[in-house]
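# Summary of the model geometry
So the chains spell out like this:
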Amino acid sequence: MSQFKHIWLLSLMSFIIAGLTGFLYRYGMLYPLPEWLHFANIRHAHSHLMFFNWACPPIMAFMAAQIVDQSEISKIRSFKACLYTMLFFGFLSYPFFLLYGYHSVQIGSASLPIAAIISGLVMITWYWFAWLYIRERSLNRKSPSGVLFEAALLALIISSLGAWGVSVFQFTSIDSPLTGSAMTHFFLAVFTEGWIVLGFLGIMWSISDVDSHSIKTGWLWIPILFGSMLIFPFSLIQTLVSPIMLYTAKIGIILIIISMTIHLLLFIKSKVFSGFLWKTVIILIALKILFQVAAILPFGIWPGEHGLRVLYLHLLLLGIFSVIIAEVFLPDTGKIAKLLFIIANLSVIATLVMISGHWPPSFAPLNLYVWVMAASILPVLLSIRLYYLSIRVNC
Ligand code: HEM
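Here goes a summary of the coordinates provided. Please read these numbers as outputs of a predicted model, since none were measured by experiment.

### Some points on the environment of glycine 307
Tracing the backbone shows glycine 307 in helix α11 (residues 306–329). In this structure, glycine 307 is in contact with Ile355 and Ser356, ignoring residues within four places of it in sequence.

### Some thoughts on the site of the ligand
Neighbouring the ligand are 20 residues, the closest being Arg43, His46, His306, Arg309 and His314. A distance of 3.3 Å separates an oxygen atom of the ligand from a polar side-chain atom of tyrosine 25. Between the ligand and histidine 46 there is a distance of 2.7 Å, counted from a nitrogen atom to a side-chain nitrogen or oxygen. Looking at the shell around the ligand, the elements that each hand over two or more residues are α1 (5–28), α2 (39–54), α11 and α13 (368–392). Looking at the shell around the ligand element by element, the count peaks at seven residues for α11. Its residues assigned to classes, the shell around the ligand comprises nine nonpolar, eight polar and three charged.

### Looking at the coordination of the iron atom of the ligand
Only His46 (NE2) and His314 (NE2) from the protein reach the iron atom of the ligand as donors, at distances of 2.0 to 2.1 Å. Geometry at the iron atom of the ligand is octahedral, judged from the six donor atoms that bind it and their angles of 86 to 179 degrees at the metal. One end of the pair, histidine 46, is in helix α2; the other, histidine 314, is in helix α11, and 268 residues separate them in sequence. Judged by its relative accessible area of 17%, histidine 46 falls in the buried class.

### Brief notes about the packing of α1 against helix α4 (residues 73–100)
Relative to each other, α1 and α4 sit at 15 degrees, their axes nearing to 10 Å. The orientation of α1 with respect to α4, classified from their angle, is roughly parallel. Of the two possible hands of crossing, α1 and α4 adopt the one that is left-handed. Contact with α1, carried on its side by His6, Ile7, Leu10, Ser11, Ser14, Ile17 and Thr21, involves Lys80, Leu83, Tyr84, Leu87, Phe91, Tyr94 and Leu98 of α4 and no other residues of that element. Here the contact of α1 with α4 is built from residues that sort into nine nonpolar, four polar and one charged.

### Concerning the pattern of salt bridges
Under the definition given, this model contains six salt bridges. Across the pair arginine 135 and glutamate 136 runs a salt bridge, and its minimum N-O distance is 3.1 Å. Its relative accessible area of 46% is what places arginine 135 among the partly exposed residues. Judged by relative accessible area, glutamate 136 falls into the buried class, the value being 13%. Glutamate 193 is paired through a salt bridge with lysine 288; the nearest N and O atoms lie 3.0 Å apart.

The rules we used
Residues numbered from 1 in each chain as written. Predicted model: local features only at pLDDT ≥ 70, side-chain atom pairs only at ≥ 80, totals over all residues. Heavy atoms only, no water. Helix = DSSP H or I, 4+ residues; strand = E, 2+ residues; numbered from the N terminus. Contact = heavy atoms within 4.5 Å. Near = heavy atom within 4 Å. Polar contact = N/O pair within 3.5 Å; in protein donor to acceptor, adjacent residues only side chain to side chain. Nonpolar A, V, L, I, M, F, W, Y, C, P; charged D, E, K, R; others polar. Donors = N, O, S within 2.8 Å, 3.2 Å for Na, K, Ca; no water. Tetrahedral: all angles 85-135°; square planar, octahedral: opposite > 155°, others 65-115°. Buried < 20%, exposed > 50% of the residue type's maximum accessible area, 1.4 Å probe, protein only. Axes fitted to C-alpha atoms, helices over the stretch in contact; angles between N-to-C directions. Parallel < 35°, antiparallel > 145°, perpendicular 65-115°, else oblique. Left-handed = near helix turned anticlockwise from the far one by under 90°. Salt bridge = Lys/Arg side-chain N within 4 Å of Asp/Glu carboxyl O.

Below is the structure:
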């Protein structure tokens, strides 16, 4: 993947900046921040940079590297042009989200929602990538990873429809906060459970040694793709969700659980996933499945509850996804740094468990939020180390 080294470096830089922004959020919970910085905007800046520049270009670079040969210079150039543009708009959106969030900015006589406009441009680069990938993909078509990557792209495009829906909805006269919120959460659910999950599963399949001949590949992606489109009601305020919405969301979660369990059982057999790093990833995937099982059992757990949502998202995005990405872009180097990166990420997740609202306060350490803040800087420090190592090696 050395042809995409600079894409990787820019993505890792985005992780560092977005991670620092997450730390700033935690810092601000304990110490005063300048008046012009608002928590909601810091969160927007963090989550959008992570989504735009960390959760997209590395998966896409990996996908592209699977279907184009090192010698196909012009094809590599087309993919790079697309990914650099994507990263550029991702970086450009950051200061606007940080300073203004989704609010309009006065430019001359016009008042424009700049961050939303730049987000639209980022989504156009997703379509650009999808077009390039579909044009070049035939080589990889039949393997499970190729099928998963195509399904992931489909999820990415479907998720973007939810995001466009939010923008269009703002200009209509319909006064329904539920509809706006449903579209936002539709985007979030299909982006995370669809694009990111199918994307990292595709990466895992492409490096695994699981014999795929007897496997019906439909089970690996169809339930996840459809499930991701059904689960968004779980992110809404519980009292606003009608019984029929709840019923469909539960069907969606069951579909995801079935498919994820099949992946897990197959990965457990793979010799490739035997070291500490991959074992940790496998355990975290099992925890992800358990979390979703708990959401449909009568334990009174509502996944959309703030603390639980933040915990679940970071288990998936920081604990599983980010570790896989660091491993595949730095396969032969930085063993200790990667190990410490996992431990740092697990520390963040452990502190999120303690502030999830479901942890007995008597088991929490004194000055809990100081620990939460301290843990949040650790992945940043380790990713700086990974950045330094990446500059030195051919990844
Ligand atoms: C570097 C380590 C990370 C730190 C320190 C961190 C920190 C934070 C903090 C402080 C929040 C706000 C929590 C709140 O509202 O109570 C947050 C939210 C969020 N983070 Fe992270 N994060 C990290 C990694 C990631 C990664 C890797 C991703 C995605 C690829 C991500 C995606 C998100 C999203 C989507 C939210 C918004 C959650 C919501 O309100 O629905 N974070 N993060």
